[in-house]
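Close look at the chain arrangement
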Amino acid sequence: MRFVPPLRSLPSLGTGLTSAALLLALLPAAALTVPARQPVAGAAVVEGTGTRYGPAARLGDGRIRVFTDYAGGRPRSVGVVLTASALAGLPTAPTDGEHCVDADGDGRVHPSHECVGGHGLELALPSGGRPDLPFRWVLFNWNPEGHQPHGRYDVPHFDVHFYLVPREVRDRIRLGRCALLIDCAQLPTAAAPVPADHLPPGYPPSSPETAEGAMGEHLDSRPPDSGALSGHTFIYGAYAGEIIFMEPMLTKAFLEGLRTAPGHHACAPVPQPRSWQVPGRYPTRYCMAYRPGHGDYTVTLTGFTP
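Let me sum up the structure you'll find in this document.

1. Re the overall build of the protein
A count of helices and strands for the protein gives four helices and 14 strands. Burial statistics for the protein: of 306 residues in total, 53% are counted as buried. For the protein, restricting intrachain contacts to residue pairs at least 6 apart in sequence, the fraction spanning at least 24 positions comes to 60%. Working note: accessible area of the protein is about 12,900 Å², and carbon and sulfur atoms make up 55% of it.

Dropping the structure here:
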């Protein structure tokens, strides 16, 4: 099942100079006028403490939603929370059929290799978005058969994409027959290298073979010979030489295993670039947890920079 919240439920935020550049790369000339967003560094923040939740969507036999947590007006974490029942009754078909293309031209769509995104949920942040949080919305994907590259990510897993650009930017990345089903005309733009200052060490500046329709290019720091994913990893997403999402990727088995793991949680560093294209407060860690007292799972970005 795919959940698309109404547009009015998304935070009313500007698209930014980087978003404007991406839209110009994706749209015909004069197709859209994009207001500029000022850098969020030093932006005024309404004082507040506590956790706020976005609208819920159905996932498996349970539900999922986005949350933000603030203390003293400063972000502590942003993430998704899944009820424990959400891991039961998950779809077993390889795709929800939302992003498919007849890539080989045989007149039919093969779900296992001519569709991307598995089962996707487009999730809104809590209403009244804060100006110092760089994220705009979250794309959550359940991949029952995994996805390409084969031998690396073809295991049942979740992708949690925290997008730094509005949905309208992502929506202009068209499906096609190149790479991971991206429009061949957009592949050169999708694969434009990210400048070294804006990319953490160990990540390739460009990875054309991982450019995916309706999503973006995936930059992966795992060595090519590291084999199939067995736990979790962190992906940066790019388009037109700019970072457009940050993505914890984790296997279903790993998330379920947190119920019996010591401490019921695991955290890892978010690799940091020398500088961000749009200044602001960015996460330095990502964490996954099972909360016995709540009976739910969380995947969060935390440790935000001052």
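2. Structural notes on the nonpolar core
Core analysis: the biggest nonpolar cluster contains 47 residues, and Val 80 and Phe 140 have the highest contact counts within it. Leaving out residues up to four positions away in the same chain, Phe 140 has contacts with Leu 59, Ile 64, Val 80, Leu 82, His 119, Gly 120, Leu 121, Leu 123, Phe 158, Asp 159 and Val 160. In terms of nonpolar packing, the next biggest core, distinct from the first, is built from 15 residues, Trp 137, Leu 139, Val 169 and Tyr 239 among them.

3. Side note on empty space enclosed by the protein
Using the criterion set out here, one finds three cavities of 30 Å³ or more in the structure. Here the second largest cavity is characterised by a volume of approximately 90 Å³. The wall of the second largest cavity is formed by 15 residues, among which His 99, Gly 117, Gly 120, Leu 139 and Asn 141 lie closest to the centre. If you list the elements that add at least two residues to the lining of the second largest cavity, you get strand E5 (119-124) and strand E6 (137-143). In the lining of the second largest cavity, the residues fall into four nonpolar, six polar and five charged.

4. Notes on the pairing of E6
For E6, the buried fraction is high: seven of the seven residues fall into the buried class. Of the two faces of E6, the one carrying Trp 137, Leu 139, Asn 141 and Asn 143 and the one carrying Val 138, Phe 140 and Trp 142 are both buried. In terms of strand pairing, E5 meets E6 through six bridges, oriented antiparallel. Bridge assignment links Gly 120 to a residue of E6, and that residue is Asn 141.

5. With respect to the packing of aromatic side chains
In the structure shown here, the tally under the stated rule is 12 aromatic pairs. Look at Tyr 163 and Phe 245: their rings are 5.1 Å apart centre to centre, the planes differ by 55 degrees, and that puts the pair in the tilted class. Within this pair, whereas Tyr 163 is found in strand E7 (residues 157-163), its partner Phe 245 is found in strand E11 (residues 242-251), the two being separated by 82 residues in sequence. With a centroid separation of 5.5 Å and an interplanar angle of 70 degrees, the aromatic rings of Phe 234 and Tyr 236 are classed as edge-to-face.

6. Some remarks on unusual backbone geometry
Positive phi is not limited to glycine here, since Ala 179 has a value of about 45 degrees. Ala 179 gets classed as partly exposed once you look at its relative accessible area, which sits at 37%. Its identity as a non-glycine residue notwithstanding, Ala 214 has a phi of 60 degrees, on the positive side. The topology assignment puts Ala 214 in the loop between helix H3 (187-190) and strand E9 (217-220). Note on Ala 214: relative accessible area 8%, which makes it buried.

7. Some thoughts on the sheet that holds E11
Read across the sheet, six strands follow the order E5-E6-E7-E11-E10-E9 without closing on themselves; strand pairing throughout is antiparallel. The open sheet has two edge strands, E5 and E9, and neither has a second partner. Here the strands of the sheet are splayed against their neighbours by 25 degrees on average, with no regard to which way each runs. Sheet topology note: the E6/E7 ladder contains seven bridges and is antiparallel. Bridge pairing in E7 links Asn 141 to Asp 159.

8. Thoughts on the side chain of His 161
If you trace the backbone, His 161 turns up in strand E7. His 161 gets classed as buried once you look at its relative accessible area, which sits at 0%. In terms of polar contacts, His 161 uses its side chain to reach the side chain of Glu 247, at 3.4 Å.

9. Quick word on the state of the cysteines
For the coordinates displayed, the defined rule picks out three disulfides. Here Cys 100 connects covalently by a disulfide to Cys 115, the sulfurs 2.0 Å from one another. Handedness of the Cys 100-Cys 115 disulfide follows from its S-S torsion of about 105 degrees: it is right-handed. Of this pair, Cys 100 sits in the loop between strand E4 (74-83) and E5 while Cys 115 sits in the loop between E4 and E5; the two residues are 15 residues apart in sequence, bridging distant segments of the chain. The class for Cys 115 is buried, based on a relative accessible area of 14%. Once the disulfide-bonded cysteines of the protein are ranked by sequence position, their pairing pattern turns out to be 1-2, 3-4, 5-6.

10. Remarks on the pattern of salt bridges
Summed over all chains, the structure comprises 10 salt bridges. In this structure, Arg 152 engages Asp 220 in a salt bridge whose closest nitrogen and oxygen atoms are separated by 2.8 Å. Of this pair, Arg 152 sits in the loop between E6 and E7 while Asp 220 sits in strand E9; the two residues are 68 residues apart in sequence, bridging distant segments of the chain. By relative accessible area, which is 11% here, Arg 152 ends up buried. A salt bridge links Asp 171 to Arg 170; the shortest N-O distance between them is 2.6 Å. Residue class for Asp 171 comes out partly exposed when judged on its relative accessible area of 48%. Salt bridges sharing partners connect three or more residues here, namely Glu 122, Arg 167, Arg 170 and Asp 171.

What counts and what doesn't
Residues numbered from 1 in each chain as written. Predicted model: local features only at pLDDT ≥ 70, side-chain atom pairs only at ≥ 80, totals over all residues. Heavy atoms only, no water. Helix = DSSP H or I, 4+ residues; strand = E, 2+ residues; numbered from the N terminus. Buried < 20%, exposed > 50% of the residue type's maximum accessible area, 1.4 Å probe, protein only. Contact = heavy atoms within 4.5 Å. Areas by Shrake-Rupley, 256 points an atom, 1.4 Å probe, with all protein chains shown as cover. Core = buried A, V, L, I, M, F, W, Y, C linked by side-chain atoms within 4.5 Å. 1 Å grid on protein atoms, 1.4 Å probe; cavity = no way out; pocket = protein on both sides within 12 Å on 5 of 7 lines; lining within 4 Å. Points joined across faces, edges and corners; volume = space filled by probe spheres on them. Nonpolar A, V, L, I, M, F, W, Y, C, P; charged D, E, K, R; others polar. Pairing = 2+ DSSP bridges. Phe/Tyr/Trp six-rings, centres within 6.5 Å; stacked < 30°, edge-to-face > 60°. Axes fitted to C-alpha atoms, helices over the stretch in contact; angles between N-to-C directions. Polar contact = N/O pair within 3.5 Å; in protein donor to acceptor, adjacent residues only side chain to side chain. Disulfide = S-S within 2.5 Å. Salt bridge = Lys/Arg side-chain N within 4 Å of Asp/Glu carboxyl O.

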